[in-house]
Structure formats: structure tokens, C-alpha cells
2 protein chains.
Amino acid sequence: MDVNILLFPEFETLDVFGPIEVLGHIKEYSLHYFSLNGGIIKSRQNGLVVTEPIEKADELGIILIPGGQGTRSLINDGEFIKQLEKYAASATYCLTVCTGSALLAKTSLLNGKKATSNKKAFAWVQGINSNVKWMRKARWIKDGKYYTSSGVSAGIDMSLGFVADQFGHTMAMDIAKSIEYLWNSDKNNDPFSENGH
Amino acid sequence: MDVNILLFPEFETLDVFGPIEVLGHIKEYSLHYFSLNGGIIKSRQNGLVVTEPIEKADELGIILIPGGQGTRSLINDGEFIKQLEKYAASATYCLTVCTGSALLAKTSLLNGKKATSNKKAFAWVQGINSNVKWMRKARWIKDGKYYTSSGVSAGIDMSLGFVADQFGHTMAMDIAKSIEYLWNSDKNNDPFSENGH
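Residues numbered from 1 in each chain as written. Chains lettered and ligands numbered in written order. Predicted model: local features only at pLDDT ≥ 70, side-chain atom pairs only at ≥ 80, totals over all residues. Heavy atoms only, no water.

### Considerations on the overall build of chain A
Thought 1: Within chain A, the regular secondary structure consists of seven helices and 10 strands.
Thought 2: Here chain A has a C-alpha radius of gyration of 15 Å; the compact-globule value for 197 residues is 16 Å, and the two agree.
Thought 3: For chain A, the spread of C-alpha atoms along the three principal axes comes to 40 × 40 × 30 Å.
Thought 4: Of all 197 residues assigned to chain A, the portion counted as buried reaches 59%. (Helix = DSSP H or I, 4+ residues; strand = E, 2+ residues; numbered from the N terminus. Rg over C-alpha atoms; globule rule 2.2 N^0.38 Å. Buried < 20%, exposed > 50% of the residue type's maximum accessible area, 1.4 Å probe, protein only.)

### Quick look at the pairing of strand β1 (residues 2–6) of chain B
Residue and element names in this part refer to chain B.
Thought 1: Of all five residues that make up β1, four are buried, and the element is covered over most of its length.
Thought 2: Here β1 pairs with strand β2 (residues 30–35) via five bridges, running parallel. Residue Asn4 lies in a different strand from β2, and its bridge partner there is His32.
Thought 3: Each parallel crossover has a hand, and for β1 linked through helix α1 (residues 13–23) to β2 it is right-handed.
Thought 4: As judged from the three bridges shared by β1 and strand β5 (residues 62–65), these two strands associate in the parallel manner. If you follow Asn4 over to β5, its bridge partner there is Ile63. (Pairing = 2+ DSSP bridges. Right-handed = clockwise from strand over helix to strand, strands pointing away.)

### Notes on the UniProt feature "domain: DJ-1/PfpI" (unreviewed entry) in chain A
Thought 1: Per the UniProt record, "domain: DJ-1/PfpI" (unreviewed entry) is annotated on residues 3–163 of chain A.
Thought 2: Taken end to end, residues 3–163 of chain A is 32% helix and 25% strand, and its first and last C-alpha atoms sit 13 Å apart. (UniProt positions renumbered as here; feature names shortened; annotations may be inferred.)

### A closer look at the interface of chain B and chain A
Thought 1: With 37 residues of chain B at the contact, the number on the chain A side is 37 residues.
Thought 2: Taking both partners together, chain B and chain A bury about 3,100 Å²; carbon and sulfur atoms supply 60% of that area.
Thought 3: Joining chain B to chain A, the criterion identifies zero salt bridges.
Thought 4: At the boundary of chain B with chain A, the tally comes to 18 residue pairs in polar contact (both at pLDDT 80 or more).
Thought 5: Contributing elements (two or more residues each) for the side of chain B that touches chain A: α1, β2, β4 (48–53) and α7 (169–178) of chain B.
Thought 6: Per element, the largest residue contribution to the side of chain B that touches chain A is six residues, and it comes from α1(B).
Thought 7: The residue inventory of the side of chain B that touches chain A, partitioned by class, reads 17 nonpolar, 13 polar and seven charged. (Contact = heavy atoms within 4.5 Å. Buried area = accessible area lost by both parts, 1.4 Å probe. Salt bridge = Lys/Arg side-chain N within 4 Å of Asp/Glu carboxyl O. Polar contact = N/O pair within 3.5 Å; in protein donor to acceptor, adjacent residues only side chain to side chain. Nonpolar A, V, L, I, M, F, W, Y, C, P; charged D, E, K, R; others polar.)

### Topic: the packing of aromatic side chains
Thought 1: Enumeration according to the criterion identifies 14 aromatic pairs over all chains in this entry.
Thought 2: Geometrically, the ring pair formed by Tyr93(A) and Phe162(A) is edge-to-face, given 5.1 Å between the ring centres and 75° between the ring planes. Highlighted residues: Tyr93(A) in strand β6 (residues 93–96) and Phe162(A) in helix α6 (residues 154–167), separated in sequence by 69 residues.
Thought 3: Consider the rings of Tyr29(B) and Phe167(B), whose centres lie 5.7 Å apart with planes at 70°: the pair is edge-to-face. Highlighted residues: Tyr29(B) in the loop between α1 and β2 and Phe167(B) in helix α6 (residues 154–167), separated in sequence by 138 residues.
Thought 4: Take Tyr29(B): its relative accessible area is 12%, and that puts it in the buried class. (Phe/Tyr/Trp six-rings, centres within 6.5 Å; stacked < 30°, edge-to-face > 60°.)

### Details of the relation of the copies chain B and chain A
Thought 1: If you rotate chain B by 180° and push it 0.0 Å along the axis, it lands on chain A with an RMSD of 0.0 Å. Between the two chains, the operation in question is that of a two-fold axis. Across chain B, the rotation axis passes nearest the C-alpha of Val49(B), at a separation of 2.3 Å.
Thought 2: Looking at the interface residues of chain B, 100% of them are also at the interface in chain A, so both copies use one shared face. (Least-squares fit on C-alpha atoms with pLDDT ≥ 70 in both.)

### Let's talk about the pattern of salt bridges
All names here are of chain B.
Thought 1: Across all of its chains, the model carries six salt bridges over all chains by this definition.
Thought 2: With a closest N to O distance of 3.4 Å, Arg44 and Glu10 form a salt bridge. Note that Arg44 is positioned in the loop between β3 (39–42) and β4 and Glu10 in the loop between β1 and α1, a separation of 34 residues in sequence.
Thought 3: You can call Arg44 partly exposed: its relative accessible area is 43%.
Thought 4: In this structure, the salt-bridge partner of Asp190 is Lys119, at a minimum N-O distance of 2.5 Å. Pair noted here: Asp190 is in the segment after α7 and Lys119 is in the loop between β7 (114–115) and α5 (122–128), with a separation of 71 residues, a long-range link. In this structure, Asp190 and Lys119 share a single accessibility class: buried.

### Things to note about the packing of α6(A) against helix α7 (residues 169–178) of chain A
Residue and element names in this part refer to chain A.
Thought 1: Contact geometry of α6 with α7 gives a least axis separation of 6 Å together with a crossing angle of 145°. Judged by the twist between their axes, the crossing of α6 over α7 is right-handed. Together, Leu160, Val163, Ala164 and Phe167 of α6 and His169, Met171, Ala172, Ile175 and Ala176 of α7 make up the contact between the two elements.
Thought 2: For the contact of α6 with α7, the residue count by class is eight nonpolar, one polar and no charged. (Axes fitted to C-alpha atoms, helices over the stretch in contact; angles between N-to-C directions. Left-handed = near helix turned anticlockwise from the far one by under 90°.)

### Topic: the side chain of Asp15(A)
Thought 1: Relative to the elements of secondary structure, Asp15(A) occurs in helix α1 (residues 13–23).
Thought 2: When near neighbours in sequence (up to four residues on either side) are disregarded, Asp15(A) contacts Pro66(A), Gly67(A), Gly68(A), Val97(A), Cys98(A) and Val152(A).

### Quick look at α1(A)
Thought 1: Within α1(A), 11 of the 11 residues are buried, which leaves it mostly tucked inside the rest of the structure.
Thought 2: Residues of α1(A) that are buried: Thr13(A), Leu14(A), Asp15(A), Val16(A), Phe17(A), Gly18(A), Pro19(A), Ile20(A), Glu21(A), Val22(A) and Leu23(A).

This is the structure:
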């Protein structure tokens, strides 16, 4: 199955490459980097990543949406949100990290669903769509095919949780051990829920 | 000060972008991505990153050397090791993650110094240079200007430790909180030292 990473200018580096480190251990997954129109995309941390246009993505893949400073203007980019809605709706699973859930909330796809986001940006994210059941205290949340995580590093924990759901807890633990990572495997254990308060 | 990231084919994604997420929070640091000859470099996790030739790097910067599968052949690339030795010798600080310490050990720069590496690959790394004081049980090690870390995620802890040494513990804690990361701040606390045994 394809994992389709949707990048945009000023995305937050670890929002992408934490989950990718985890998902890259799954033999059944093939990793692909996209953006709205393709080309080189610059991260918040000055990295230049080569992407293909999103229209080349397998619509039935897993879509991964990072957050970052770039989301602040991107929620007003109608064409981006339209394409995101198309590919997130058709995806088998949709994973967001940090303020990536703000982008997804701007579509109607999270309406009535539980979701979380970066805790420092939580008030801003909530204001984007009040029809989402925003949960402050959660390391990550699964609601149907939608996985949303808290800020930055939480994306690693969520990705391991996603792997556990798909392939079992042992597989997730093996990956965590392989990358020498102490997995916070309890999605309700959110040490940063009071950030920004 | 410049942070010069030295990439190579099949580098491990999180070895780079974990530390970069941390160091990217320091206003005084400017992040630059290099490789031996410049151009697009493909990570182990299929990411394509644009780089400049290493000869354009500030020799007095901080150099960051990731590990990954690519190191297995790269230790036999004389031109790469020669350039690595030049820039690591002149750098103000030199940070390696995972098997990046194998590359650095292939130069003479770690001779007589304490260093660590990925625990699953530890026997291979030790075999590259027995004049290095290899320490199995360490999350990361500082010996003079050289910082070496254990596998993958340990690079995040080491980078926060480096920030603590340079700017104080509070700054490191603030960054960890900002990226919602539970920092293992004790460099002697190595939960994975028995990996590979």
C-alpha cells in the first residue's frame, strides 16, 4: 500500500519524518512525497524535499498530513483544501500530525468526529471548525479511518499506534526498539495537554 | 553559526530530521544540507533532499553526520572519508547519530576518544576502529567537541543535550516542551544498551 505524504511550504520537519521513520519499517508500505503541484518544497527547517503532484497519488493509499507554520496561510488556500478533501476522503487511512488536523478540519471530513492537535495552537485549531469534537487531552485519537495526533513528536507515538492497530503490538514494539525509541503507547497519556494554558 | 548536515545515499531519515527539529529552534543557527558533490540525495525512507556540495560549507560550523544503511559502503569511499575528516576536524562541534560514528571513526579523529553508536550495529562499528573507546551503555557521549549518539531517536536526546550545554538546561526543556517530546536528559540512561545482544 502507498503512504502518500502531502507536503507544503513551511511544513514542520519532524511532523513528517518521525512518522515516516516508523512507517518506513513496514515492508508492505511504499513511501511517496507529494505536494499540490509537485516540485521542491521547503520545510520550516530549511530542508528542500522533491515532490510529485498530488494528482499522481494512489487515491486508496494512506495519506499523511503534517502541520507547521505553513498551515496558517494554507487553510485559506481553496485549491489545496479541495484536493486535500478529495484525497483524504478516498484514502484508506488518513493520518495528521500537529496542526495538520487544522487543514483536515477545514474540509468537512472531521465533522462530528473526535480529533486532537498541537496543544499550543489548540485555540486556533478549534476556531477553524467547531463541528469537530476537539479533545485536548490525547496523545493521539483514532476515529474511524482518521488518526490525528498532538504536536510534532506525538506523530511518532501515533504512527506506532497505527502500526499496532494494523500489524499488532509486537510489531510496533519491535520498530520502537529498532529505532531506540521509548514509545508512549497509551494514546490517552498526554503529558503536554496543559501546554499553552 | 551554520549547522552543516552531511547527507549521503541511504541515510536514515530520523537521524537527520530529529536533531534538525531541535537545532532548528535555535535562532543563532542556520541549517544547511550538504553532500559530497551536491545534488539530490535519497534517504533510506525514499525521501529526496536537495543538497549543496560540501566544499561550500563553512568549515567552522557545526557538522551533523547521520547514520543508516548507506554507511556500510560509505566507509570504503576514500574521497568521502577524506572530506568528512577535513570538515569534522575544522568544525567547532561535530555531532553524529547512530552509525554516523562509524564514518567518523574511519577518520582518525575519534582515536583515543569515547564514543557510542547504534546498539544493533555495535560490533560492526567497533570493528572499524579499535582505537576508539567505544562505550556500549550511553544514550550519547560528549568528548571534547565530539558528540556521538546511540541509534536513531537518541539523536533527538543528544541534540537537546547539546543545546543544554550551549544555551542551558531551560532552553533545552523549552524546546522539548514545544515539540511535545519527553526528553531523556540523562546521557547515561540507555534503555537499549542490550539491543543486539
